[in-house]
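Coordinates in review
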Amino acid sequence: MAEKGLFCGTNRPKDPANMTEQEKKHMPVIECPDTVTAGEPFQVKVHVGAIPHVMEEGHFVQWIDIYFKENFFARVELTPKFTRPEVTLTLERHSKHKTSTLRVIERCNLHGQWEATKEITVS
Ligand SMILES: [Fe+2]
């Protein structure tokens, strides 16, 4: 059964240094360079979560979105049983800003949206 309270907004760990098991199963894990070059492609790998999330018919990760700050870059939609909540995308930054916040949001059909962020320096 869906936990309705988790569908009120986007969830983040209450204490990132001491996450609960549910938080570990839902927080996206982001792997990408800390520094990228403007206009050069780089890879971002995301998986959900530090404890792998199940992909069963009644409980699965529906999609993974990638943003830089408020700007949408990509969405990957997933199906249960036949996919794993893992994606690798090639992105480029053309920003004049020296730092940029990569935001990854995933949605579990029972436990709502979860967001992880990573600061990236653009040189
Ligand atoms: Fe879940």
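Keep in mind it's a predicted model, so treat the numbers as computed, not measured.

Let us look at the overall build of the protein chain. Looking only at helices and strands, one finds one helix and nine strands in the protein chain. Helices and strands in the protein chain line up, N terminus first, as β-α-β-β-β-β-β-β-β-β. Relative to the compact-globule value of 14 Å for 123 residues, the protein chain shows a C-alpha radius of gyration of 15 Å, a close match. For the protein chain, the C-alpha atoms occupy an extent of roughly 45 × 30 × 20 Å along the three principal directions. Across the 123 residues that make up the protein chain, the buried fraction comes to 43%. In the protein chain, once contacts between residues fewer than 6 apart in sequence are set aside, the share between residues at least 24 apart is 60%. As displayed, the protein chain has an accessible area near 7300 Å², and 50% of this comes from carbon and sulfur atoms. Between the mean site of the 16 positive side-chain charges and the mean site of the 17 negative ones, the protein chain shows a separation of 3 Å.

Right, let's talk about the coordination of the iron ion for a bit. With distances of 2.1 to 2.3 Å, the protein atoms coordinating the iron ion are His26 (NE2), His53 (NE2), His59 (NE2), Cys108 (SG) and His111 (ND1). For the iron ion, the single-chain donor residues occur in sequence as H-x26-H-x5-H-x48-C-x2-H. In this pair, histidine 53 sits in the loop between β4 (42–48) and β5 (61–68) while cysteine 108 sits in strand β8 (residues 99–108), placing the two residues 55 residues apart along the sequence. Overall, histidine 53 belongs to the buried group, its relative accessible area being 6%.

This paragraph deals with the packing of aromatic side chains. Across all of its chains, the model carries two aromatic pairs by this definition. Measuring from ring centre to ring centre gives 5.6 Å for tyrosine 67 and phenylalanine 72, while their planes differ by 75°; the resulting arrangement is edge-to-face. Positioned over the ring face of tryptophan 63 is arginine 75, at 4.0 Å from the centre of the ring. Sitting over the face of the ring of phenylalanine 68, arginine 93 holds its NZ or CZ atom 4.3 Å from the ring centroid.

Bringing the sheet that holds β4 into the picture now. Here three strands make up an open sheet; going across it, the order is β2-β4-β7 and the pairing antiparallel. Both outer strands of the open sheet, β2 (28–31) and β7 (86–91), are each paired with one neighbouring strand and no more. Averaged over all pairs of adjacent strands, the angle between strand axes in this sheet comes to 20°, irrespective of strand direction. One ladder, built from four bridges, connects β2 with β4; its direction is antiparallel. Looking across to β4, one finds that isoleucine 30 is bridged to valine 46.

As a further point, take the nonpolar core. Ranked by internal contacts, the top residues of the largest apolar core, which has 26 residues, are Val44, Ile64, Ile66 and Leu102. Secondary structure elements with two or more residues in this core: β4, β5, β7, β8 and β9 (112–122).

Cut-off values and rules
- Residues numbered from 1 in each chain as written.
- Predicted model: local features only at pLDDT ≥ 70, side-chain atom pairs only at ≥ 80, totals over all residues.
- Heavy atoms only, no water.
- Helix = DSSP H or I, 4+ residues; strand = E, 2+ residues; numbered from the N terminus.
- Rg over C-alpha atoms; globule rule 2.2 N^0.38 Å.
- Buried < 20%, exposed > 50% of the residue type's maximum accessible area, 1.4 Å probe, protein only.
- Contact = heavy atoms within 4.5 Å.
- Areas by Shrake-Rupley, 256 points an atom, 1.4 Å probe, with all protein chains shown as cover.
- Lys, Arg positive; Asp, Glu negative; His and termini not counted.
- Charge placed at Lys NZ, Arg CZ, Asp CG, Glu CD.
- Donors = N, O, S within 2.8 Å, 3.2 Å for Na, K, Ca; no water.
- Phe/Tyr/Trp six-rings, centres within 6.5 Å; stacked < 30°, edge-to-face > 60°.
- Lys NZ or Arg CZ within 6 Å of the ring centre and 35° of its normal.
- Pairing = 2+ DSSP bridges.
- Axes fitted to C-alpha atoms, helices over the stretch in contact; angles between N-to-C directions.
- Core = buried A, V, L, I, M, F, W, Y, C linked by side-chain atoms within 4.5 Å.

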